[in-house]
Amino acid sequence: GIAAEEGDAGGAAKTGGTLTLAIDGTSAVNDPAFYTTLGDWMVVDCICRGLTFISYDTTEPTPDLAESWTMSDDGLVYTFKLRQGVTFHDGTTFSSADVVASFKRQFDEKDPTLPEGASRPFNSVGKNLKEMTAPDANTFVMTLLKPDRTLLGRLSDIGARIISKAALEKYGKDIGKNLVGTGPFKFASATSGQNVTLTAFDAFRLGKPPIDRLVLQQVTDPSTIVSSLLSGDVSATQFTPYSALSQLKSDKSVTVYDTPKSFDAFIMMDVRRIPELEVRQAINLAIDRQALIAQAFFGAAVLPDGYTIPSGQDAYDASLADLSKTDVAEAKRLIQAAGATGRTVRLMAASDSWHPKAAQIIAQNLTDIGLKVETDSVDPAAYFNRLLAPDDKFHDLMIWERNGYYPDADDMIGSLARPSGVYGDFISGFNTLDGSAAYADKLFEAKNIADTAARKARYSEIQREWAEKYMTLSMLVCAANPVVSGAKVKNMNWKALGSHRTYMENASV
Amino acid sequence: MTAATSTLTRLRGTPWLVLKRLAAVPLVLLGLSTMVFIAMRLLPGSPATSLAAGGTGGNQSAAEITENAEKINAALGLDKSLPDQYFSFLGDLFTLNLGSSFYGGNSITGLLGDSLPATIELTVAAMLIAVLLGMVTGIVAALRKDTWIDTTTRAIGTVSFSLPWFALGVLSIVVFGVWLRWLPVIGRLPNELDYQPFTNFVLLDAVLQDRPELILPWLEHLLLPAVTLALSMAGFITRIVRASVLEVLGDDFVRTARMKGLSSGAILRRHVLRNSSLPIVTVLGLQFGSLLGGSVITETVFSYPGVGNLLVNGILQRDYPIVQGAALAIALLFTLVNVAVDLLYLALDPRLRKA
Amino acid sequence: MKPTPLMEIESLRVEFAGSAGRRVRAVRDVDLTIYEGETLGLVGESGCGKSTLGRAMVRVTEPTGGAIRYLGKDITKLRGTVFRKIRADLQMVFQDPFGSLNPRRSIADIVAEPLLRARGTGKDEARKIVDDLLDQVGLGREAGTRKPHEFSGGQRQRIGIARALAPSPRFVVADEPVSALDVSIQAQVINLLSDLIRERGLTMLFISHDLGVVRHIADRIAVMYLGQIIEVASRDDFFAGPAHPYGEALLSSVPALSKQPRRDRIELTGELPDPADPPAGCTFHTRCRYATDVCRTDAPVLREVQPGREVRCHLPLIPVKGSTS
Amino acid sequence: MVGFFVLAAIVGPLLVSGDPTRNTNDTLLPMGAAGHLLGTDDLGRDELARLLYGARPLLMVAFLSTALAAVLGIGAGLMAGYLGGKVEWLIMRLMDLALAFPSMLLIILIVSAWQPGVSSLVAGIGVALAPGLARLARALAAREAGRDYVLAAKLGGTRGPRILVQEMLPNLAGPMLAQVVMTLSVAAGFAAGLSYLGLGIQPPTPDWGYMVQAGQEFLYTAPRLVVLPAAATLLFVVACNFVGDDLRDALDPRANR
Amino acid sequence: MSEALLEIRGLTVGFDVPGGRLPAVAGIDLTLGKGEILALVGESGSGKSALSMSLVGLNRGPRTHIGGEVLFGGRNLVTTGEKELREVRGKDIAVVFQDALAALNPTQRVGDQVAEMIRTHRKISRGDASKRAVELLGEVGIANPAQTARSYPHQLSGGMRQRVMIAIGLANDPAVLIADEPTTALDVTIQAQVLRLLKKLQTEHGTTIVLITHDLGVVAEVADRVAVMYAGRIIEQGTRDEVLFDPQHPYTMGLLSSVPRVDGPAVARLPAIAGSPLTGVTRPEGCAFAPRCTFVHDACLSPPVLKKRYGGPAHLDACVLDETERARARGALEEVAP
Ligand SMILES: Nc1ncnc2c1ncn2[C@@H]1O[C@H](COP(=O)(O)OP(=O)(O)OP(=O)(O)O)[C@@H](O)[C@H]1O
Ligand SMILES: Nc1ncnc2c1ncn2[C@@H]1O[C@H](COP(=O)(O)OP(=O)(O)OP(=O)(O)O)[C@@H](O)[C@H]1O
Ligand SMILES: [Mg+2]
Ligand SMILES: [Mg+2]
Ligand code: NI
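So, how was this worked out
Residues numbered from 1 in each chain as written. Chains lettered and ligands numbered in written order. Predicted model: local features only at pLDDT ≥ 70, side-chain atom pairs only at ≥ 80, totals over all residues. Heavy atoms only, no water. UniProt positions renumbered as here; feature names shortened; annotations may be inferred. Pairing = 2+ DSSP bridges. Helix = DSSP H or I, 4+ residues; strand = E, 2+ residues; numbered from the N terminus. Axes fitted to C-alpha atoms, helices over the stretch in contact; angles between N-to-C directions. Contact = heavy atoms within 4.5 Å. Patch = residues over 30% accessible without salt bridge, like charges linked within 9 Å, V, L, I, M, F, W, Y side chains within 5 Å. Areas by Shrake-Rupley, 256 points an atom, 1.4 Å probe, with all protein chains shown as cover. Salt bridge = Lys/Arg side-chain N within 4 Å of Asp/Glu carboxyl O. Lys, Arg positive; Asp, Glu negative; His and termini not counted. Charge placed at Lys NZ, Arg CZ, Asp CG, Glu CD. Near = heavy atom within 4 Å. Polar contact = N/O pair within 3.5 Å; in protein donor to acceptor, adjacent residues only side chain to side chain.

As recorded in an unreviewed UniProt entry, chain D goes by Peptide/nickel transport system permease protein and comes from Actinoplanes derwentensis.

Per an unreviewed UniProt entry, the recorded name for chain C is Oligopeptide transport system ATP-binding protein, and the organism is Actinoplanes derwentensis. Of chain C, the UniProt comment under Sequence similarities (unreviewed entry) reads exactly: "Belongs to the ABC transporter superfamily."

**Brief notes about the sheet that holds strand β7 (residues 139-144) of chain A**
Residues and elements named next belong to chain A. In space, the 4 strands of this open sheet follow the order β4-β5-β7-β6, with antiparallel pairing throughout. Every other strand in the sheet has two partners, leaving β4 (66-71) and β6 (129-136) as the edge strands with one partner each. In this sheet, neighbouring strand axes are inclined to one another by 20° on average, regardless of whether the strands run parallel or antiparallel. Both β4 and strand β5 (residues 77-82) contribute to a ladder of 5 bridges, which runs antiparallel. Residue threonine 70 lies in a different strand from β5, and its bridge partner there is threonine 79.

**Quick word on the sheet that holds strand β1 (residues 5-17) of chain C**
Residues and elements named next belong to chain C. Across the sheet, which stays open at both edges, the 4 strands sit in the order β2-β1-β4-β5 with antiparallel pairing between neighbours. Both outer strands of the open sheet, β2 (23-35) and β5 (73-74), are each paired with one neighbouring strand and no more. Looking at chain direction, β1 and β2 are connected through 9 bridges and run antiparallel. Each residue of the ladder has a partner; that of proline 5, found in β2, is tyrosine 35. Contacting β1, β2 and β4 (65-70), helix α1 (residues 50-57) crosses the sheet at an angle of about 120° to β1.

**Topic: a positive patch on the surface**
Taken together, the side chains of Lys14(A), Lys488(A), Lys490(A) and Arg181(B) make up a positively charged region of the molecular surface. Its location among the elements puts Arg181(B) in the loop between α8 (165-179) and α9 (202-208).

**Observations regarding the site of ligand 2**
Residue and element names in this part refer to chain E. In the neighbourhood of ligand 2, 13 residues make up the surrounding shell, with Ser44, Gly45, Lys48, Ser49 and Ala50 lying closest. One of the side-chain N or O atoms of serine 49 is found 2.6 Å from an oxygen atom in ligand 2. For ligand 2, an oxygen atom lies 2.7 Å from a polar atom in the backbone of alanine 50. Alone, ligand 2 offers 630 Å² of accessible surface; in the complex the protein occludes 63% of this.

**What about the site of ligand 1?**
Residue and element names in this part refer to chain C. For ligand 1, the set of nearby residues contains 13 residues, the closest of which are Ser46, Gly47, Lys50, Ser51 and Thr52. Between an oxygen atom of ligand 1 and a side-chain N or O atom of serine 51, the distance comes to 2.5 Å. A distance of 2.4 Å separates an oxygen atom of ligand 1 from a polar side-chain atom of threonine 52. For ligand 1, whose free accessible area comes to 630 Å², the fraction covered by protein is 62%. For the shell around ligand 1, the elements supplying multiple residues, two or more each, are β2 and α1.

**Focus: the side chain of Thr256(B)**
Relative to the helices and strands, Thr256(B) resides in helix α11 (residues 252-259). Ignoring sequence-local partners within four residues, the contact set of Thr256(B) consists of Phe97(E), Ala103(E) and Met165(E).

The structure is reproduced here in structure tokens:
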């Protein structure tokens with residue numbers, strides 16, 4: 001069935017029971033400094049909380065373990081007042097020492113509590129950090145090298161979660177197998193490739209969650225996800241295959257939520273392979289986005305009218321819709337003008353989820369405007385590596401997606417258009433184009449504009465200019481990770497789950 | 001001289017053969033691990049880039065990712081030359097250290113300890129089902145040779161032997177799990193049950209820990225994947241059993257048994273079954289391999305926490321130690337089963353026992 | 001007229017890898033001479049190594065040790081083209097008339113093969129030789145186009161003989177060529193063989209376990225027991241009275257087609273020992289009714305006891321001429 | 001029956017008008033819809049056309065990989081069986097090594113180490129299936145090598161390779177052929193299975209295995225998208241097995257019929 | 001001839017083969033006397049085994065057609081049901097097969113195989129049956145019966161295996177023992193032992209023995225009576241001396257003279273019978289030997305009848321030649337052998 005309007009769930013939420021979330025995978029290592037799988041990341045989300053919190057009802061960072069904060073006028077010094085009386089799962093009390101210990105292992109690659117191969121995702125903030133201090137138990141100060149208005153948002157990210165210092169000292173490198181935080185659920189057991197079991201934390205700051213147990217169960221086969229939702233073996237998941245949506249909507253035993261369209265689906269063009277702007281523009285104009293929405297996403301996507309910014313975010317600007325319009329006649333004309341008719345372009349896409357379907361539709365679209373298309377469907381694990389290899393034979397057109405790690409324009413266009421980032425460098429070769437260097441500064445400036453409206457305007461300006469002048473990235477759609485749950489599951493924060501955020505403290509089964 | 005010769009002869013008898021078989025196991029495993037080692041290094045994609053880009057790939061600059069990847073490579077020992085990697089891999093192997101996962105350092109031995117029992121449960125259950133089914137149908141078909149019973153049994157056997165198991169698993173989930181709701185479709189035990197593995201063989205643990213309530217849900221979870229796996233093998237066994245029983249029925253000693261005035265039931269029991277089980281037993285050993293291969297898909301479809309699942313995840317994540325460990329475990333299992341089969345063969349066929 | 005030796009073998013040994021690493025010594029230090037133009041009959045119990053010896057002489061089984069001399073030339077180690085030339089002189093007729101003909105090839109092809117390969121004869125010439133041969137063995141040249149399965153056992157054996165004779169060999173090993181045939185057919189094939197031997201002046205090693213057949217076709221007899229030659233004698237001498245107790249038992253065991261059953265039958269007790277683990281001393285002592293202590297400890301050697309008669313026995317059944325030991 | 005499949009794969013596409021790779025907006029039309037006998041798939045392509053075209057890659061992979069397995073396996077097996085000794089030991093140990101690993105896994109390893117596609121599929125399946133054939137070939141060759149007619153050929157001065165090809169091969173051909181046809185069915189099963197795993201033939205080329213996998217998403221809404229290609233695969237494999245059985249029976253001298 | 005024990009009347013055995021129905025046994029009348037050894041001789045494929053197996057229905061099957069009568073103990077064994085026939089098999093009529101290695105179960109100890117035969121027809125404890133089995137093995141002349149009983153067939157030599165087979169046949173002291181070429185695979189020295197054993201059985205147990213062989217020497221050695229088969233029919237029958245030393249049928253004559261002998265004068269050429277026996281499914285209506293016979297008559301084209309013609313009192317043959325022609329035939333054979 002389809003989710004009813006907000007609020008009707010109300011009533012007396014049932015307590016007790018086990019909620020099972022289907023996840024893509026687990027290595028049974030749950031460590032904010034070590035990204036392994038999305039599933040493990042979701043576990044960290046349940047166990048640990050950070051200084052700030054974004055509920056996904058709004059995109060505004062709100063206080064969590066930090067009760068309040070102040071920013072110096074130059075935007076370089078942030079002083080956090082920490083909440084008192086919060087206890088960790090191991091019984092210790094939260095203080096600034098825990099914050100320092102948790103952050104230090106992200107910033108310092110020599111930290112003894114880091115396991116081998118740790119990726120330290122929060123390290124990018126550390127690069128901009130001059131120093132961090134804890135003047136007293138309830139105060140924590142960060143001094144930046146350059147201003148960064150996205151800091152508060154980033155502090156809500158999973159890499160910035162706070163671990164009990166006592167636990168860090170106790171477990172060292174093995175903290176990932178014994179994670180201790182202040183979140184609503186505490187770690188019980190985990191088996192790699194199978195599941196992670198969490199139990200409700202009685203002393204959670206906002207009250208004991210209604211459910212007793214939360215199990216994150218690895219289910220990799222898409223049809224099994226659907227089946228186990230229908231059979232009740234799984235309570236909820238955001239990894240639902242798109243094609244099953246209409247079937248699930250018509251089934252009373254499950255609830256399908258109208259999850260926010262939070263991620264971008266796009267094709268990247270390598271300008272070193274497709275040097276003519278006209279050809280790139282033609283490719284952009286050729287794409288039948290309605291067909292993609294209907295046939296690859298089964299309705300769980302919308303036209304990318306804000307270009308790279310999804311509609312839920314502050315910087316969303318519907319006036320950019322024309323950057324992603326479809327005009328086959330014009331596309332053909334451009335191809336002819338460039339003398340590219342009959343040219344072979346290669347298109348690669350990962351072999352999972354919506355990618356192969358999209359690749360087939362796009363291949364058709366490009367064939368229709370006179371190009372010859374060769375496609376390659378790539379094992380998902382190998383795909384990212386191939387994106388990073390400009391020598392790859394299929395590096396002309398690449399289908400890819402970007403999830404909002406925290407809901408901010410800087411995480412979208414800020415990453416995509418940055419000439420030195422993976423997108424601008426390895427993937428598209430944007431950094432080889434004239435004028436690309438200026439975008440580093442433009443994006444930095446936009447990021448630090450305090451006024452929301454002005455910031456939005458600036459981002460719109462950058463996006464339009466970037467798209468029209470270079471067109472290295474053609475937006476396909478803005479899509480959702482469709483959340484589906486069993487009909488009995490109530491009060492789950494499904495909007496957050498649509499962005500892989502796992503806030504199950506209010507959910508009941 | 002004669003005494004010495006005969007002792008030697010006895011030494012070369014049964015135990016000698018057993019020893020010889022067992023001595024070959026490490027060699028096979030060494031060859032295999034080398035093969036897997038090479039195959040893994042040939043796979044495109046490296047764990048370091050995946051790891052380095054993990055989580056927030058886009059926020060980092062290209063240079064950062066490259067640098068990070070190098071560091072991770074060094075930490076994981078992937079920066080060393082291939083021969084170096086190989087020798088340290090072999091060295092570890094000799095000390096029975098299978099290494100640890102690139103993703104978070106789970107020890108491979110531990111992971112195998114978690115998953116191997118599940119796979120053994122699954123494949124053994126499938127084997128039992130298949131053998132039972134296949135033996136009965138095969139014998140009936142052979143005894144009723146050239147009747148409609150034979151023709152139908154053979155046709156069904158051939159069809160079931162040809163069934164693509166990938167489709168079968170999905171179909172059985174839909175029918176029994178979703179439409180009929182008779183059986184659970186994922187996992188090995190319900191998540192509500194608080195199972196603390198000790199040996200990780202549920203049946204054994206149920207006895208050891210005195211938790212009889214584990215058994216029923218365990219069987220429920222086991223049934224679908226095991227039957228899915230078993231079906232195609234059962235068809236195969238039917239064919240082999242039929243052929244083998246027919247062959248033995250044509251043997252001279254069966255005529256002798258008839259000459260003795262034995263009833264056909266007694267002939268079947270005392271003379272045909274044992275002798276026709278010889279080729280079946282050999283085939284079982286090899287078929288166990290295809291069961292293990294099939295378990296890779298079946299375990300994925302049923303989210304069944306076995307080695308097959310572990311292996312696929314390992315391949316997908318380019319987690320070499322996991323792939324190596326899982327492949328080795330599978331090969332070891334397979335090899336040991338085949339050694340067991342050889343020994344069973346030895347027990348069944350006295351002809352082989354003479355040196 | 002002093003006969004010239006055609007084939008001489010010296011301390012020939014053939015060993016096989018038995019099961020579980022045991023060595024089966026099928027032929028143990030055999031010395032034997034076959035003279036030009038004669039037929040030597042080789043008899044002995046099943047498994048005593050007759051076939052192996054025969055095969056080793058034409059080198060389809062490689063000997064483990066010893067030497068084979070053909071016309072005085074050591075051919076034990078020859079290889080390649082040199083050997084192929086000589087090989088054509090040494091041929092073989094097999095026991096099994098079914099397994100020894102390739103079921104997929106025509107008779108003419110089968111018979112022509114050694115001509116084309118070993119002799120290097122041209123196709124047309126080979127064709128002519130094959131036709132003549134098929135006539136000679138009594139099948140008729142029309143048989144050439146047919147396949148082996150269209151023929152009966154006796155006819156197939158004729159084909160086998162034609163193939164062996166195709167490259168005009170000087171020495172032929174006939175390994176129980178009639179034992180698979182019915183009595184009425186046996187006689188036909190035996191007659192054919194003796195005709196051919198006469199006409200072509202063939203030298204032959206004729207292996208059989210049927211003493212009647214051997215008596216009919218052979219000039220000299222060699223008896224084998226457990227990998228060794230234990231007696232060599234001319235045909236008439238042997239049938240008049242074997243010199244070795246085993247030869248004696250063998251001869252007396254043959255059921256006689258006579259009105260009065262024989263009374264002098266010598267019944268051997270015990271079974272043929274394991275060739276992989278032969279008894280010490282005289283290998284026959286376990287079944288020998290004359291055996292003494294020396295037989296159990298000392299292995300006798302093959303020695304000439306009378307001109308042209310060799311025996312491997314401490315206590316031969318005929319008087320020893322010349323020497324005393 | 002197998003011939004029927006081959007025929008269907010070759011001429012089938014000429015009979016239908018639909019382009020199996022052409023997307024249209026008529027998605028998921030039911031069976032019997034105008035112009036689409038078996039309906040259309042999720043990208044609006046004619047299912048019948050896809051089924052008919054889909055036979056090609058599967059058959060091609062099955063036949064090619066079987067051919068590869070046959071060449072490798074029978075070659076190695078014949079050599080081992082005929083030559084015996086060290087060569088046999090080496091070849092058979094190599095084969096044992098390959099056999100000591102479930103073939104499905106071996107193929108997955110090979111295919112993913114290469115690049116998914118027809119050539120890697122053929123190579124993977126061929127290599128994985130070769131040991132089985134080699135074993136049989138060796139057993140048969142060893143049996144045949146002991147036959148007197150082989151000795152006779154040796155005596156006639158025929159050289160080793162010629163004996164293998166001219167004398168022994170024709171006599172092994174019968175049972176080998178039956179086994180090869182059976183192998184064909186196994187190869188088809190593997191090819192479909194791997195395409196199903198996404199390691200096989202790449203879209204948009206129609207292929208039964210991939211069609212099953214892609215159709216699986218519509219198991220509840222349009223089950224024919226799974227059932228039709230799965231059934232086609234099954235039929236082909238069954239057909240191969242039946243043909244193999246019949247061949248074996250027909251060529252087996254022991255069979256009394 | 002002593003008292004009749006078993007009577008065969010008009011027995012036919014046909015096998016369905018690809019070309020049609022093969023008349024392996026084409027109408028045979030034969031009477032078995034109590035305590036005698038009857039030798040059944042003939043070329044390969046002449047139907048010796050088919051005849052003997054059909055006596056106790058061992059070759060019954062969908063492709064086998066057995067007709068005629070086998071009268072034994074007041075019953076016609078051809079029409080007796082399988083269940084009743086089982087009582088007869090092994091108890092009243094036992095068979096010793098040619099290839100003992102194949103005829104013994106390779107996975108069972110030989111003692112057990114003998115004991116099984118005993119227990120099938122007698123209510124007797126397992127232990128007693130085993131003990132009796134060891135005794136039986138001793139009786140057939142196995143030197144170390146207790147140890148042999150624990151062996152598997154492949155561990156025994158050919159002669160011992162054949163004795164084990166005979167022990168199985170003897171286990172229930174049957175009235176008739178059919179020995180189908182029991183010595184063909186054995187060496188002469190071993191053959192002599194086995195033949196002696198059979199002779200001993202006859203004298204000590206009074207067992208009637210049907211000895212199938214193609215070795216005329218063996219026949220001369222042990223048989224009381226002889227029946228010569230050719231292409232599914234008996235063409236000559238009589239006492240040992242009648243058939244072997246006064247053959248009446250040209251085929252028997254040829255057969256006897258073509259055997260190379262170890263005694264008597266050595267001959268230069270063996271008098272051979274030309275041609276080869278019939279193998280196909282179609283058989284001439286008349287004498288099947290006619291195509292190979294040098295003395296064919298028009299009368300040979302009509303169906304042969306086995307009856308008393310010339311020779312001794314029990315001597316029957318199926319040849320239409322008269323006495324002078326027979327003498328000529330005999331002379332022709334002697335001519336070749338000077
Ligand atoms: N290829 C082989 N491999 C192993 N052992 C063999 C081989 N060929 C023969 N033998 C063994 O060598 C011994 C002699 O065998 P051979 O065939 O020469 O005997 P034979 O006298 O010809 O017997 P028969 O009369 O049965 O033909 C036997 O013990 C036999 O088992
Ligand atoms: N089960 C059977 N099916 C078909 N034909 C058979 C069968 N058994 C025997 N025959 C055929 O019947 C004929 C007689 O066979 P039988 O075995 O009685 O001959 P035999 O005299 O015992 O010969 P041998 O001396 O070779 O044992 C032969 O042509 C044989 O091929
Ligand atoms: Mg021999
Ligand atoms: Mg017979
Ligand atoms: Ni002596």
